[in-house]
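Working through the structure, step by step
What follows is the residue order along each chain.
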Amino acid sequence: MDSPDPDGLLAEQLLRLTRRLQRIQSRQLEPVGITPAQFRLLRTVAHYDGPPRMADLAHRLDVVPRAVTTLVDGLEASGRVRRTPDPDSRRAVRIEITDEGISTLRSLRNGRRAAAEEILAPLTADQREVLGGLLTALVNGMPERRC
């Protein structure tokens, strides 16, 4: 009989927690009419000091430019972002978050906080602090990703 694999068990627990977070997030996003990928793009656009170029977004999200185009199409149709010409290049397009997009982000961030509280409810404040330190160590040990 095989002995328990602690790293395998830990990986399974992380996967289960990730799936639970994704289910909660999907439930929150559905009534708003936004997909998780659109939410990620909207958050990314909001983190720039000015409207980013589509190519910048593709690089930051680590996706092909065509994927960004599709996400922007959906967010633009819902009034959450708008395309603007790039003053430095006639061929480039910049993506600007709208007031509706900012409002959507604010609403969804509050929902994320509530979801995190639900998931972390069984932990004491000390346990949350330890978990935060461990997660920071894991994230910082990964190759750099900006989102």
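Residues numbered from 1 in each chain as written. Predicted model: local features only at pLDDT ≥ 70, side-chain atom pairs only at ≥ 80, totals over all residues. Heavy atoms only, no water.

**A short note on unusual backbone geometry**
The residue D62 is not glycine, and still its phi comes out positive at about 60°. Structurally, D62 can be placed in the loop between α3 (54-61) and α4 (65-77). (Helix = DSSP H or I, 4+ residues; strand = E, 2+ residues; numbered from the N terminus.)

**Some points on the nonpolar core**
Ranked by size, the top nonpolar core spans 19 residues in total, and within it I34, L41, L42, V68, V72 and I95 carry the most contacts. Every element with two or more residues in this core is listed here: α2 (36-47), α3, α4, β2 (89-97) and α5 (99-120). (Core = buried A, V, L, I, M, F, W, Y, C linked by side-chain atoms within 4.5 Å. Buried < 20%, exposed > 50% of the residue type's maximum accessible area, 1.4 Å probe, protein only.)

**What about the environment of E100?**
Residue placement: E100 occurs in helix α5. For E100, a relative accessible area of 41% puts it in the partly exposed group. Sequence separation of E100 and S26 is 74 residues, and the distance between their C-alpha atoms is 20 Å. Residues contacting E100, with those up to four places away along its chain left out, are S78, G79 and R80. (Contact = heavy atoms within 4.5 Å.)

**Comments concerning the packing of aromatic side chains**
Inspection of every chain in the model, using the stated rule, returns zero aromatic pairs. One Lys or Arg, R43, reaches over the ring of F39 and ends 4.9 Å from the middle of that ring. Against the face of Y48 rests R60, its NZ or CZ located 4.5 Å from the ring centre. (Phe/Tyr/Trp six-rings, centres within 6.5 Å; stacked < 30°, edge-to-face > 60°. Lys NZ or Arg CZ within 6 Å of the ring centre and 35° of its normal.)

**Considering the pairing of β2**
As paired elements, strand β1 (residues 81-86) and β2 share six bridges and run antiparallel to each other. By the bridge assignment for β2, R82 is matched with E96. Hairpin remark: β1 followed by β2, antiparallel, with two residues in the connecting loop. (Pairing = 2+ DSSP bridges.)

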